[in-house]
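The lines below spell out each chain.
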Amino acid sequence: MTSTATTSPPTALKLSYGTPGDVGMDKALESRIDEVVAASLANRDTSGVVVLVARRGKIVHERAYGWRAVISEREEMTTDTIFDLASLTKCVATA
C-alpha cells in the first residue's frame, strides 16, 4: 500500500488576544490567578512568575508578577523573561 499523503513543515501558531469570556472560560479567571500568585509571592514560595493562558487561538491572560532577580540588584519580572528549565526536566516530564 502506498501513501499519497505528504507532510509539510509546521507553521507558527498565530495567537490573538481576547478575554476569558471570548473563549468560553470563567470571566473571574484573571482575578483568581492574581490571588494564587499573590499568595505564592507573599509566602515566598517564589520570587517571580510569568503566566500565559491561551484557549482556542486566543491569549486570555498574560502577566508577569514579582521579580526575576533578587540578588545583586532587583529586576522586575517581564513577560519576555527567559527561564532556564534544565533542572526541571524530571518534575515536568513526570507531571
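First, a word on scope: everything that follows refers to the structure included in this document. (Residues numbered from 1 in each chain as written. Predicted model: local features only at pLDDT ≥ 70, side-chain atom pairs only at ≥ 80, totals over all residues. Heavy atoms only, no water.)

1. Some words on the overall build of the protein
Secondary structure summary: the protein contains 2 helices and 4 strands in total. Along the chain direction, N to C, the helices and strands of the protein fall in the order β-α-β-β-β-α. Here the protein holds 95 residues, and 18% of them are scored as buried. Long-range pairs, those at least 24 residues apart, make up 46% of the contacts in the protein between residues at least 6 apart in sequence. Accessible surface, the protein as shown: approximately 7800 Å² in total, 54% of it carbon and sulfur. (Helix = DSSP H or I, 4+ residues; strand = E, 2+ residues; numbered from the N terminus. Buried < 20%, exposed > 50% of the residue type's maximum accessible area, 1.4 Å probe, protein only. Contact = heavy atoms within 4.5 Å. Areas by Shrake-Rupley, 256 points an atom, 1.4 Å probe, with all protein chains shown as cover.)

2. Structural notes on the environment of M77
Relative to the helices and strands, M77 is located in the loop between β4 (75-76) and α2 (89-94). Those residues in contact with M77 that lie beyond four places of it in its chain are G48, V49, V50, A64, Y65, G66, W67, R68 and F83.

3. Quick look at the pattern of salt bridges
For the structure shown, the criterion picks out 4 salt bridges. With a shortest N-O distance of 2.8 Å, R32 and D26 are connected by a salt bridge. One connected set of salt bridges, linked through shared partners, spans E30, D34 and R63. (Salt bridge = Lys/Arg side-chain N within 4 Å of Asp/Glu carboxyl O.)

4. Some remarks on the side chain of T81
Within the secondary structure, T81 is located in the loop between β4 and α2. A polar side-chain atom of T81 sits 3.4 Å from a polar atom in the side chain of R68. Here T78 takes part through its backbone oxygen, which lies 2.9 Å from a polar atom of the side chain of T81. (Polar contact = N/O pair within 3.5 Å; in protein donor to acceptor, adjacent residues only side chain to side chain.)

5. Looking at the nonpolar core
Judged by nonpolar contacts, V23, L29, I33, V37, V49, V51, V53, V60 and Y65 together constitute the single largest core of 9 residues. At the level of elements, α1 (29-42), β2 (48-55) and β3 (58-69) are the ones that each hand at least two residues to this core. Setting aside residues no more than four positions away along its own chain, V37 makes contact with V49, V51 and Y65. (Core = buried A, V, L, I, M, F, W, Y, C linked by side-chain atoms within 4.5 Å.)

Purely geometric stuff here, so don't read any function into it on its own.
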